Amino acid sequence: MVAGQSSREPRFVAQSQPRVGASAQSPRQSAGHSSGQSSEHGPGPSAGSSGGSPHRSSDHSSGHSAAPSSGHSPDQKPGNSPGNGSGHDSGRSSGQAPARDRRRQATAWREARALAARAGRGAAPRTQRLPLDRTLGHALAEPLAALTDLPSFDTSAMDGWVVAGPGPWVLGKGEGGSGELGILAGHSTPVPLPDGDGVRIATGARIPANATAVIRSEHAHVDEAKGLLYAQRRVVPGQDIRPRGQECRSGDQLLPAGTLVTPAVLGLSAAAGYDELVTVPRPRVDVLVLGDELLTAGLPHDGLIRDALGPMIGPWLRALGAEVSAPRRLGDDAEALQHALTTSDADLVITTGGTAAGPVDHVHPVLAKIGAGLLVDGVTVRPGHPMLLARLPSGGPYLVGLPGNPLAAVSGLLTLAEPLLRGLGGRAPEEPYRVVVRDEVHGHPHDTRLVPVVHRVRSTEGAGSGAGTGVEHVVPLHYNGPAMLRGIAAADGLAVVPPGGVRSGTEVEILDLPWASATPWTEGCFT
């Protein structure tokens, strides 16, 4: 069983999966329902947005901007969103429950993230045994225990001389005098060292029996005429000797299950005696790009816009530890979407756009038609509230439905896809942390906001000392509307702003972007 997995989690997930079309009386379970969509609207699609045609219901902003000091976009008034046709209640136009009813069905942001994490950990565990050189970026499926003492014998920590007893020390004939190599690493156990003798020794070489200490080359002087070694500093017994088992003893647990295999983990595993590791396979993800209005090249024209999500989603998911197929562009074709979902052999399917309740938003109706179970149908978060999490029938893959607006889609990735993939990949949950925000950030009255931020360190001069100390904080960035990517492109994290907002100097939880906290070495991180 993957670390952290509870035997009760599969039951929890199963109980959290109402069939999409199981009850005509339940707004949450009605086909085509888009939970969490309200009458508050944000800016229309920009040249970089996806899923914002006049025929598509888009993600909406909270209608509450950040304080002017943080450079956030101005307030948008309900029913006054330009150019995207979202000034009406699209749910009513397609026979769905009114917005106020759908709003009540949305899941709280923190609860949605926790549920996605539990769903991932509750999946049937899989393991594989791989050679060391193929385990980079995978998670350990079982604890890493030392197969030997480290070091496995007493070794010299420095180049110099190994001595026995008090000095000065006699350099035996052929044993460390001028031009002699002495004791080298990788050789068999040297003969015991007589009291009063010294021998040249290399870093990593075995310490001979009866030795007292190692004297570094730069801390000793050899009298060639007398064949004697003199220490230029006080010699302490045991100095510069790494004793056997100093780092660990055989059988010690070095790392827990769920640890990501980094280059350092590879080195530790090799040192501890491993030729291969038992790991959890990286989750496989299919990406389905929806929307007839999307261009893959050139400038926007004639009501068509560039697809910003297709190029972005795959590398983002790889940075989260997944193996991702090339994105498939399905347009607004319900039959194509159904076929793609029912034939996928991935662990997770990501869709972009189509999660609301407009006339060509097909995700909910298709899920209802194939009998999928909804775990999350809308989240009380801005941007991104029409996101959803479902489990396809008969043990099929999970599905994360992302809104079509780019920053709203990023919100969905970090809210649902990231914790789900951590669980599916056997990785330990990420520990949350909090940092002071420099500027006031206005909040939504009821929903969580995710605001792009950048970390900064402010220097403060010590009184009369001339020395400075760094105080970390985050700065909210401009261009944080749901259809905008300019802010998130410059960010290294998202601040979690609770309903009502935060004042300057308040600590806020930070969601790191995957390339901000980790690892340029991760296979496929940016390609």
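Residues numbered from 1 in each chain as written. Predicted model: local features only at pLDDT ≥ 70, side-chain atom pairs only at ≥ 80, totals over all residues. Heavy atoms only, no water.

A few points about the overall build of the chain
Then, in step 1: Tallying secondary structure elements over the chain gives 11 helices and 29 strands in all.
Then, in step 2: Put simply, the chain has 527 residues, and 54% of those count as buried.
Then, in step 3: Within the structure as shown, the chain displays about 22,800 Å² of accessible surface, and the carbon and sulfur contribution to it stands at 51%. (Helix = DSSP H or I, 4+ residues; strand = E, 2+ residues; numbered from the N terminus. Buried < 20%, exposed > 50% of the residue type's maximum accessible area, 1.4 Å probe, protein only. Areas by Shrake-Rupley, 256 points an atom, 1.4 Å probe, with all protein chains shown as cover.)

Some remarks on the pattern of salt bridges
Then, in step 1: A complete count under the given rule lists 15 salt bridges for this structure.
Then, in step 2: With a shortest N-O distance of 3.1 Å, aspartate 149 and arginine 249 are connected by a salt bridge. Taken together, the residues span a long stretch of sequence, with aspartate 149 in the loop between strand S4 (144-145) and strand S5 (155-156) and arginine 249 in the loop between strand S12 (241-242) and strand S13 (253-255) at a distance of 100 residues.
Then, in step 3: When its relative accessible area of 42% is taken as the criterion, arginine 249 is described as partly exposed.
Then, in step 4: Close ionic contact of aspartate 307 with arginine 329 constitutes a salt bridge, the shortest N to O distance being 2.3 Å. Of the two residues, aspartate 307 is situated in the loop between strand S17 (305-306) and helix H6 (309-319) and arginine 329 in strand S19 (residues 328-331); the sequence distance between them amounts to 22 residues. (Salt bridge = Lys/Arg side-chain N within 4 Å of Asp/Glu carboxyl O.)

Topic: the sheet that holds strand S2 (residues 128-131)
Then, in step 1: Here we have three strands laid out as an open sheet, ordered S2-S14-S3, and antiparallel in their pairing. Strand pairing shows two members of the sheet lacking a second neighbour, S2 and strand S3 (139-140), which therefore form its edges.
Then, in step 2: Looking at chain direction, S2 and strand S14 (residues 276-280) are connected through four bridges and run antiparallel. Note that in S14 the partner of leucine 130 across the bridge is leucine 277. (Pairing = 2+ DSSP bridges.)

Topic: the confidence of the model for the chain
Then, in step 1: Summarising the model, the chain shows a mean pLDDT of 80, and 74% of its residues fall at 70 or more.
Then, in step 2: Across residues 462-468, where pLDDT falls below 50, the model places six contacts with residues more than four positions away in sequence or in other chains. (pLDDT = per-residue confidence, 0-100. Contact = heavy atoms within 4.5 Å.)

Description of H6
Then, in step 1: Of all 11 residues in H6, eight are buried; the element is thus mostly enclosed.
Then, in step 2: When we look at burial in H6, the residues that qualify are Leu309, Gly310, Met312, Ile313, Gly314, Trp316, Leu317 and Ala319.
Then, in step 3: The first or second residue beyond H6 is glycine 321, which carries a positive phi of 95 degrees.

Points about the packing of aromatic side chains
For any pair of aromatic rings, the description rests on two quantities: the centre-to-centre distance and the angle between the ring planes.
Then, in step 1: Taken as a whole and judged by the stated rule, the model has one aromatic pair.
Then, in step 2: Ring geometry for tryptophan 316 versus tryptophan 515: centroids 4.6 Å apart, planes at 75 degrees, classification edge-to-face. Of this pair, tryptophan 316 sits in helix H6 while tryptophan 515 sits in helix H11 (residues 514-517); the two residues are 199 residues apart in sequence, bridging distant segments of the chain.
Then, in step 3: For tryptophan 316, a relative accessible area of 3% corresponds to the buried category.
Then, in step 4: You can call tryptophan 515 partly exposed: its relative accessible area is 33%.
Then, in step 5: A cation over an aromatic ring shows up here: arginine 206 above the ring of phenylalanine 153, its NZ or CZ 4.2 Å from the ring centre. (Phe/Tyr/Trp six-rings, centres within 6.5 Å; stacked < 30°, edge-to-face > 60°. Lys NZ or Arg CZ within 6 Å of the ring centre and 35° of its normal.)

Describing empty space enclosed by the protein
Then, in step 1: Applying the stated criterion across every chain yields a total of six cavities of 30 Å³ or more.
Then, in step 2: The computed volume of the second largest cavity comes to approximately 60 Å³.
Then, in step 3: Surrounding the second largest cavity, 13 residues form its lining, Arg282, Pro283, Gly321, Gly425 and Arg427 being those nearest its centre.
Then, in step 4: When its residues are assigned to classes, the lining of the second largest cavity shows six nonpolar, four polar and three charged. (1 Å grid on protein atoms, 1.4 Å probe; cavity = no way out; pocket = protein on both sides within 12 Å on 5 of 7 lines; lining within 4 Å. Points joined across faces, edges and corners; volume = space filled by probe spheres on them. Nonpolar A, V, L, I, M, F, W, Y, C, P; charged D, E, K, R; others polar.)

Some words on helix H7 (residues 334-343)
Then, in step 1: Taken residue by residue, H7 has Leu337, Ala340 and Leu341 as its buried positions. Mapping the buried residues of H7 onto a view down its axis gives an arc of 95 degrees, with all of them on the same face.
Then, in step 2: Residues of H7 that are buried sit in contact with strand S15 (284-290), S19, strand S20 (348-352), helix H8 (363-370) and strand S24 (398-402).
Then, in step 3: Of the residues that open H7, the one with a side-chain oxygen 3.1 Å from the backbone nitrogen of glutamate 335 is aspartate 333. (Arc of directions from axis to C-beta. Polar contact = N/O pair within 3.5 Å; in protein donor to acceptor, adjacent residues only side chain to side chain.)

Some remarks on the nonpolar core
Then, in step 1: Counting 50 residues, the largest nonpolar core has Val285, Ile313, Trp316, Leu317, Ile350, Leu389 and Leu420 as the members making the most contacts within it.
Then, in step 2: One finds Leu341, Val349, Val366 and Leu392 within the second-largest nonpolar core, a separate group that totals 17 residues. (Core = buried A, V, L, I, M, F, W, Y, C linked by side-chain atoms within 4.5 Å.)

Digging into the environment of glutamine 128
Then, in step 1: Within the element layout of this structure, glutamine 128 appears in strand S2.
Then, in step 2: Residues glutamine 128 and threonine 279 lie 151 residues apart in sequence; the distance between their C-alpha atoms is 5.4 Å.
Then, in step 3: In this structure, glutamine 128 is in contact with His138, Leu277, Val278, Thr279, Val280 and Pro281, ignoring residues within four places of it in sequence.
Then, in step 4: A polar atom in the side chain of glutamine 128 sits 3.3 Å from the side chain of histidine 138.

Considering the environment of arginine 134
Then, in step 1: Counting through the fold element by element, arginine 134 comes out in the loop between S2 and S3.
Then, in step 2: Overall, the relative accessible area of 51% leaves arginine 134 in the exposed class.

Digging into the pairing of S20
The two faces of a sheet get side chains in turn, since along a regular strand they alternate between them.
Then, in step 1: A large share of S20 lies buried, amounting to five of its five residues.
Then, in step 2: Of the two faces of S20, the one lined by Leu348, Ile350 and Thr352 and the one lined by Val349 and Thr351 are each fully buried.
Then, in step 3: Taken together, the five bridges between S15 and S20 define a ladder with parallel strand orientation. Note that in S20 the partner of leucine 288 across the bridge is threonine 351.
Then, in step 4: Pairing between S20 and S24: five bridges, direction parallel.

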